[in-house]
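Overview (structure and organization)
Take a look at the letters that make up each chain.
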Amino acid sequence: MARFILKRIGLGIVLLWLVVTVVFLALHAVPGDPAAILLTSEGSGGVTPEALEKVRQQLGLDQPVLVQYRDYLLGLLQGDLGTSFRNTSSTVASYIGARLPNTLELVFAAALIAVVVGVPLGALAARRGGWIDTVISTLTTLGISMPVYVIGTFFVLIFALQLGWFPAGGFTEFSSDPIEHLRKLLLPAVALSFGITSVVARMTRSAVLETVAQDWVRTAKSQGLPRNTVFSRHVLRNSLNPVVTTLGLEIGSLLGSTVLVERVFTWPGMGSLLVDSVNARDYPIVQGVVIVIAALFILINIAVDVLYGVLDPRARH
Amino acid sequence: MFSARSLRRLRKSLNPVRIAGIIVVVAIIVLTLLAPFLGLPDPLAQDISNQLLPIGSEGHLLGTDRFGRDVLSRLIFGARVELVIAMGATAVALVLGTFLGLVGGYFGGIVETLSMRSVDVILAFPPIVLALLVVTIYGTGASTLIVVMGVLFAPRFARLTYGQVVSIRGMEYVEAARVFGSGPLRIVGTVVLPNVSAPLIVQAPLTLATSILLESGLSYLGLGVTPPTPSWGLMVADGQRDIVAHPSLVAVPSLAIVVTILAFGLVGDVMRDWLDPRRGMASQL
């Protein structure tokens with residue numbers, strides 16, 4: 001088992017290195033000079049050759065690309081992601097450090113909703129069948145097909161602007177006002193969870209249907225166990241392996257969806273930081289955010305693989 | 001493809017909902033092809049005297065937006081933009097992915113490592129994040145979107161093809177072609193490819209739906225197609241400013257996105273049951 005985990009982590013590190021290299025090279029193959037873009041956007045005294053040279057030196061852009069690449073990698077190992085173009089006194093790491101917890105909170109709230117709502121919904125559809133199954137299947141199909149920003153926009157319209165139950169967006173520190181913090185978390189988290197809840201419900205449904213058909217379920221029934229006991233102890237528990245895997249993989253894709261949800265609800269996370277930085281052409285922040293999100297993505301995939309290996313020893317090979 | 005047996009399977013794969021999906025897809029394609037001939041107002045023409053007209057106004061069936069632009073016209077011309085980008089991206093993904101999967105699966109060794117590891121790298125990013133990275137570098141615009149989404153969705157086709165090729169490359173008929181002296185390119189193109197193509201064709205409408213989803217999301221962020229080109233995602237974003245008084249400005253393009261994605265998904269289901277029946281049955285277990 002330890003070997004399996006180590007091998008998986010090793011592959012993950014190689015993949016992360018490739019990701020860093022791709023992102024770095026992509027941004028350094030930029031058509032146009034970042035220093036010129038920076039000077040133009042600041043509008044400070046125009047783009048003179050001297051000013052350009054000075055900015056290039058400050059940002060290390062006068063070095064050969066390979067040297068910049070080496071420096072960037074060495075910096076990464078020490079948690080140094082460079083400094084922002086717009087605000088050269090702030091490190092990229094400090095920007096990300098301020099935003100990452102908010103995004104993770106949103107993602108885990110959505111994942112929690114997916115488990116609490118999706119698993120019972122899927123189990124219900126599989127057990128009852130008939131019109132209940134049809135209704136749940138239709139709902140989950142809709143949940144998968146609706147863009148997250150459309151769901152979010154209508155949440156704002158209905159629950160914030162018309163009913164006034166929740167704020168339309170924004171963020172309050174948990175430490176300053178816990179209730180307000182949760183009130184502002186709820187709508188974006190539920191909007192974000194629609195897709196993953198639908199996927200989890202579908203996966204649970206098909207896994208339960210598959211498990212119910214197994215011989216040992218018939219055996220348990222024939223021993224005279226109450227139906228509910230058979231279901232909760234034998235069927236549901238054995239159905240959860242594929243559900244756990246799906247959940248893990250979907251959590252990764254939630255990271256992408258936060259970009260849109262954070263925009264709708266002006267939630268100050270990694271996604272809104274990324275969009276702002278793309279608009280401002282702040283390359284170091286874009287680079288940092290993309291690498292951190294990819295690293296999380298890879299980490300989650302490793303965790304899912306390892307968890308699957310623990311749950312099902314056959315998968316280790 | 002059109003043998004009696006295959007047609008029977010096609011008929012069996014249809015049900016009312018799926019037929020509705022096919023009709024919607026056909027309708028969208030016809031509408032986008034005919035868009036310039038429908039006598040619609042110019043989707044870009046602003047008309048200050050006719051701002052924010054409600055649904056059902058004379059000459060503006062779905063009303064107008066805050067610039068007095070005709071919503072129906074923007075919706076249909078937006079569908080055009082949406083479909084062209086999604087089809088372009090799907091085509092790029094199909095060709096690139098199939099190529100990577102074919103050569104990786106057939107040749108093995110270093111070719112396999114290179115092609116399948118590059119697929120892993122693409123899959124290490126959430127799609128929208130990688131798309132934003134590319135937009136930062138190359139700016140917004142339809143051609144950028146086609147290429148970047150094509151690359152983003154190539155792994156689906158690459159992995160499908162790869163899996164299939166690995167499973168058939170040792171088969172007798174491939175061996176036979178080799179014995180008869182066919183070169184590797186000829187074998188891959190004329191013997192392997194036709195035998196792995198069904199799941200790829202089935203994957204195409206689903207990729208199209210995903211492309212529409214992603215493109216509309218980027219446009220919603222203002223980082224997809226360049227305004228004032230009509231796009232459904234942009235229409236949702238623009239409509240938000242007037243959502244309380246005029247919710248239809250958001251509802252209409254939202255509905256268009258959801259219905260289109262659902263319809264392409266249904267067409268994908270039909271094609272799966274029709275062309276790739278083994279997989280269809282497996283997923284229904």
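Shown above is the structure to which this text applies.
Quick look at the structure, then.

Quick notes on the rules
- Residues numbered from 1 in each chain as written.
- Chains lettered and ligands numbered in written order.
- Predicted model: local features only at pLDDT ≥ 70, side-chain atom pairs only at ≥ 80, totals over all residues.
- Heavy atoms only, no water.
- Helix = DSSP H or I, 4+ residues; strand = E, 2+ residues; numbered from the N terminus.
- Buried < 20%, exposed > 50% of the residue type's maximum accessible area, 1.4 Å probe, protein only.
- Contact = heavy atoms within 4.5 Å.
- Areas by Shrake-Rupley, 256 points an atom, 1.4 Å probe, with all protein chains shown as cover.
- Lys, Arg positive; Asp, Glu negative; His and termini not counted.
- Charge placed at Lys NZ, Arg CZ, Asp CG, Glu CD.
- Salt bridge = Lys/Arg side-chain N within 4 Å of Asp/Glu carboxyl O.
- Core = buried A, V, L, I, M, F, W, Y, C linked by side-chain atoms within 4.5 Å.
- Domains from an automatic or database assignment.
- Polar contact = N/O pair within 3.5 Å; in protein donor to acceptor, adjacent residues only side chain to side chain.

**Thoughts on the overall build of chain A**
Within chain A one finds twelve helices and zero strands. Reading chain A from its N end, one meets helices and strands in the order α-α-α-α-α-α-α-α-α-α-α-α. Across its three principal axes, chain A shows a C-alpha extent of roughly 85 × 55 × 35 Å. Taking all 317 residues of chain A together, 44% fall into the buried category. Once local pairs closer than 6 in sequence are excluded, the contacts in chain A between residues at least 24 apart make up 73%.

**Comments concerning the overall build of chain B**
Looking only at helices and strands, one finds eleven helices and zero strands in chain B. For chain B, the α and β elements follow one another from N to C terminus as α-α-α-α-α-α-α-α-α-α-α. Reported as C-alpha extents along the three principal axes, the dimensions of chain B are approximately 75 × 50 × 35 Å. The buried share of chain B, taken over its 285 residues, is 51%. Restricting the contact set of chain B to residue pairs at least 6 apart, pairs at least 24 apart contribute 73%. In the form shown here, chain B has an accessible surface area of approximately 12,800 Å², with 69% of it arising from carbon and sulfur atoms. A distance of 13 Å separates the average location of the 20 positive side-chain charges in chain B from that of its 16 negative side-chain charges.

**A word on the side chain of B:Glu215**
All names here are of chain B. Structurally, Glu 215 can be placed in helix 8 (residues 184–220). No salt bridge is formed by the buried Glu 215, whose closest oppositely charged neighbour, Arg 74, lies at an N-O distance of 11 Å. The contact partners of Glu 215, leaving out residues within four places of it in the chain, are Glu 82, Ile 85, Leu 145, Met 149, Val 225 and Ser 231.

**Side note on the nonpolar core**
A general feature of soluble globular proteins is that nonpolar side chains tend to end up buried together. Counting residues in hydrophobic clusters, the biggest one holds 126 residues, and the most contacted among them are A:Leu274, B:Leu132 and B:Leu221. It is helix 12 (residues 283–311) of chain A that contributes the most residues to this core, 16 residues altogether. For this core, the two domains that each supply at least three residues are domain 1 (2–91) and domain 2 (103–268) of chain A. In this structure, B:Val165, B:Val174, B:Val192 and B:Val196 belong to the second largest nonpolar core, which totals eleven residues.

**So, the pattern of salt bridges**
All names here are of chain B. Within the structure shown, the criterion is met by twelve salt bridges over all chains. Linking Asp 273 and Arg 18 is a salt bridge whose minimum nitrogen-to-oxygen distance equals 2.8 Å. One end of the pair, Asp 273, is in helix 10 (residues 248–275); the other, Arg 18, is in helix 2 (residues 16–34), with 255 residues separating them in the sequence. The pair formed by Asp 273 and Arg 18 is uniform in burial state, with each residue classed as buried. Close ionic contact of Arg 272 with Asp 269 constitutes a salt bridge, the shortest N to O distance being 3.7 Å. Of the two residues, Arg 272 and Asp 269 both sit in helix 10, three residues apart, roughly one turn of that helix. One salt-bridge network, in which partners are shared between bridges, spans Arg 18, Asp 269, Arg 272 and Asp 273.

**Things to note about the interface of chain B and chain A**
At the junction of the two partners, chain B supplies 35 residues and chain A supplies 40 residues. Our count for the chain B to chain A interface comes out at zero salt bridges. Counting across the interface, chain B meets chain A through two residue pairs in polar contact (both at pLDDT 80 or more). Of all elements in the fold, only helix 4 (109–123), helix 5 (127–138), helix 8, helix 9 (232–239) and helix 10 of chain B reach the threshold of two or more residues within the side of chain B that touches chain A.

**A short note on the environment of A:Tyr95**
Residues and elements named next belong to chain A. For Tyr 95, the location among the structural elements is in helix 5 (residues 92–128). Note on Tyr 95: relative accessible area 22%, which makes it partly exposed. Remark: the alpha-carbon pair of Tyr 95 and Val 115, spanning 20 residues in sequence, is separated by 31 Å. Once residues lying within four places of it in the same chain are set aside, the contact partners of Tyr 95 are Ser 84, Asn 87, Ser 90, Leu 273 and Ile 285.

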